[in-house]
Amino acid sequence: MDEFQLTENSLHSLEIEKSILGAILIDPNIIYNISDRINASDFYFNFNQLIYESILKRRDKYSKINLDLNILMENLKEDNILDSIGGVEYLNELIDSSYTSANIEAYIEIFKEYSKKRKLLNVSKEISKSIYDNKKNSTDLLEEVQVSISQIDEEGSGDDIIKLSELVARDYERTDNNTIEDYPKTKFTRYDSVTNGLRPATLLILAARPAMGKTAFSLNIALNVAKQNKRVLIFSLEMGEEELYNRLLAAESEIELKHIQRNRFDLNDKDTINKLLIARDTLSNLEVYIDASATPTITAIKNKSRLLQRKYKNIDLIIIDYLQLVSATSNKGSREQEISEISRGLKLLSKELNVPIIALSQLSRRVESREDKTPMLSDLRESGSIEQDADQVMFLSSKEYYNNPKNSEEDNNKLLSSIELTLAKNRSGSTNKSLLFFDKPIQKFRNPTYDEEKMYFKGEED
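Residues numbered from 1 in each chain as written. Predicted model: local features only at pLDDT ≥ 70, side-chain atom pairs only at ≥ 80, totals over all residues. Heavy atoms only, no water.

1. Section: the sheet that holds strand β1 (residues 203–208)
Here's step 1: Strand order in the open sheet formed by nine strands is β3-β2-β4-β5-β1-β6-β7-β8-β9, with mixed pairing between adjacent strands. Each edge of the sheet is formed by a strand with only one pairing partner; in this case those strands are β3 (288–291) and β9 (444–446). Between one strand axis and the next, the sheet turns by 25° as a mean value, whatever way the strands run.
Here's step 2: Pairing of strand β8 (residues 432–439) with β9, which is carried by three bridges, proceeds in the antiparallel orientation. Directly across from F437, in β9, lies its bridge partner R446. (Pairing = 2+ DSSP bridges. Helix = DSSP H or I, 4+ residues; strand = E, 2+ residues; numbered from the N terminus. Axes fitted to C-alpha atoms, helices over the stretch in contact; angles between N-to-C directions.)

2. Things to note about the side chain of R118
Here's step 1: Topologically, R118 is positioned in helix α6 (residues 104–133).
Here's step 2: A polar contact of 2.7 Å, which involves the side chain of R118, links it to the backbone oxygen of L11. (Polar contact = N/O pair within 3.5 Å; in protein donor to acceptor, adjacent residues only side chain to side chain.)

3. Some details on the pattern of salt bridges
Here's step 1: Inspection of every chain in the model, using the stated rule, returns 22 salt bridges.
Here's step 2: The salt bridge involving K18 is made with E15; its shortest N-O contact spans 3.9 Å. In this pair, K18 and E15 both sit in helix α1 (residues 14–26), three residues apart, roughly one turn of the helix.
Here's step 3: Look at K18 and you get buried, because its relative accessible area is 8%.
Here's step 4: Residue K77 pairs with E74 through a salt bridge whose shortest N-O separation is 3.6 Å. With K77 and E74 both in helix α4 (residues 69–78) and three residues apart, this pair spans about one turn of that helix.
Here's step 5: Residues joined in a network through salt bridges with shared partners are E15, K18 and E93. (Salt bridge = Lys/Arg side-chain N within 4 Å of Asp/Glu carboxyl O. Buried < 20%, exposed > 50% of the residue type's maximum accessible area, 1.4 Å probe, protein only.)

4. Some remarks on the packing of helix α14 (residues 298–312) against helix α15 (residues 335–353)
Here's step 1: Two elements in contact, α14 and α15, have axes whose closest approach is 10 Å; the angle formed by their N-to-C orientations is 10°. On the basis of their axis angle, the class for α14 and α15 is roughly parallel. On α15, the residues touching I298, I301, K302, S305, R306 and Q309 of α14 are E341, I342, G345, L346, L349, E352 and L353.
Here's step 2: Among the residues making up the contact of α14 with α15, the classes are represented as six nonpolar, three polar and four charged. (Parallel < 35°, antiparallel > 145°, perpendicular 65-115°, else oblique. Contact = heavy atoms within 4.5 Å. Nonpolar A, V, L, I, M, F, W, Y, C, P; charged D, E, K, R; others polar.)

5. Digging into unusual backbone geometry
Here's step 1: Of note, the bond from D321 into Y322 is cis; its omega dihedral lies within 30 degrees of zero at 0°.
Here's step 2: The backbone phi angle of E254 is positive, close to 60°, even though this residue is not glycine.
Here's step 3: Checked against the element boundaries, E254 lands in the loop between α11 (241–253) and α12 (257–262).
Here's step 4: Overall, the relative accessible area of 42% leaves E254 in the partly exposed class.

6. Quick word on the pairing of strand β6 (residues 392–397)
Here's step 1: Burial runs high along β6: six of the six residues are buried.
Here's step 2: The two faces of β6 match: Q392, M394 and L396 on one face and V393, F395 and S397 on the other face are all buried.
Here's step 3: In the sheet, β1 pairs with β6 via four bridges, with the strands oriented parallel. The residue bridging A207 from the neighbouring strand is F395, located in β6.
Here's step 4: One ladder, built from six bridges, connects β6 with strand β7 (residues 418–426); its direction is antiparallel. Counterpart to S397 in the pairing with β7 is E420.

7. Describing the packing of α4 against helix α5 (residues 87–97)
The angle between the axes and the distance between the axes are what describe a pair of packed helices.
Here's step 1: Running from N to C, α4 and α5 point in directions that differ by 140°, and their axes come no closer than 11 Å. Here α4 lies oblique to α5, going by the angle between them. α5 is crossed by α4, and the crossing has right-handed handedness. Residue-level inspection shows L69, L72, M73 and L76 of α4 in contact with α5, the latter providing V88, L91, N92 and I95.
Here's step 2: For the contact of α4 with α5, a count of residues per class yields seven nonpolar, one polar and no charged. (Left-handed = near helix turned anticlockwise from the far one by under 90°.)

8. Quick look at the environment of L56
Here's step 1: Note on placement: L56 falls in helix α3 (residues 46–57).
Here's step 2: The exposure class of L56 is partly exposed, given its relative accessible area of 28%.
Here's step 3: Between the alpha carbons of L56 and N39 there is a distance of 9.4 Å; along the sequence they are 17 residues apart.
Here's step 4: Setting aside residues no more than four positions away along its own chain, L56 makes contact with I31 and S35.

9. Let's talk about the side chain of K425
Here's step 1: Relative to the helices and strands, K425 resides in strand β7.
Here's step 2: A polar contact is formed between the side chain of K425 and the backbone oxygen of A390, at a distance of 2.7 Å.

10. Re α5
Here's step 1: All buried positions along α5 are accounted for by G87, Y90, L91, L94 and S97. Considered in projection along α5, the buried side chains sweep an arc of 120° and stay on one side of the axis. The outward face of α5, more than 90 degrees from its buried face, is lined by the exposed residues E89 and D96.
Here's step 2: In this structure, the buried side of α5 is in contact with α1, α3 and α4. (Arc of directions from axis to C-beta.)

No statement about biological role is implied by the geometric values presented.
Structural data, given as structure tokens:
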């Protein structure tokens, strides 16, 4: 057969299918070990599909009585399919085709390989048809391919449904080994103490009004996580990669951003030059990836994240700056509906890749019209779906920013120092409010001392 003329008819083995069914008849307990890995649709021959479906349908019944040829024959009669599958003669062939159940794992490996290749072939046919129909754009087609391939890869993995007793066993193992979950830490003490770090499969919303430092804060988290030998992916929709790099370099070197942006340094200032060289060396060794596409859609974000995940096997954190600049796939309906599609898409992506996603978000202007400028969940722009989909919602705010008169931009940069980080929603634990100090010229946040935080919140209930 010409290797370029591959067809579905060449991607099967009747003998392997018969061996698997025959092994079940020899050792009925096999069905409990393979039923979460093999679907009826994995069988190429319809008569084998029908037999397997009949066995699966009565799986619980077979835990009380032993399955044998006679019982299977009666069940197939009951389902009115005995003649359809070839009668008693074919059932006898099944018994004869499998002398032992010991090779069942080898049979399943070959069997699943054929099944996956047939399904991949069908995906390729469908995508070819869609391309020639020319009714969908390339971005939507890529999304369909990504989803279809992911489903084929995960199909029959047996990981989707888990028995409670298995979770109990895992808990005992953690207790016996005296271990706790090692989530990536933000290195912002009060947040990490409440959340134990950035949990996988969670969507975290970081929201603030302009000038509160939400981009800088997210980049500080990115640096802190990457320094724990973790991989971070940043989607920057507002800034180009060079501007983002300059901010990361300022935070790491503790050299003012304006000097880095102008690229003007006194070569005789050995201390500054040394800081710069060390920071560049540190950044070059971090697993941080930046995508600064001008107008990414939620579909593009999904596809690029999946691509990086497949390439490196894992991503430990995804940051999106910021949510309101992401475009919906359909661009139909109201902006609230589009935001709902985006936030839901990000939540599902966090679960699919088992990775925390931090999405930056704007707050509405009504925050500034209130006497109390502390943000609330209802202040999220297009708030309903964002609040619903988010596992955590964090706010950055500053009393100093609103209480001090605004003069020059340089004065404002110096005034903005005390920042309140409010964990307003936490699906997995408690909420809290903590103090951070933001050194805006170098784009760096730091933790306060115990006394600094105690003095700041003096008179407030913690």
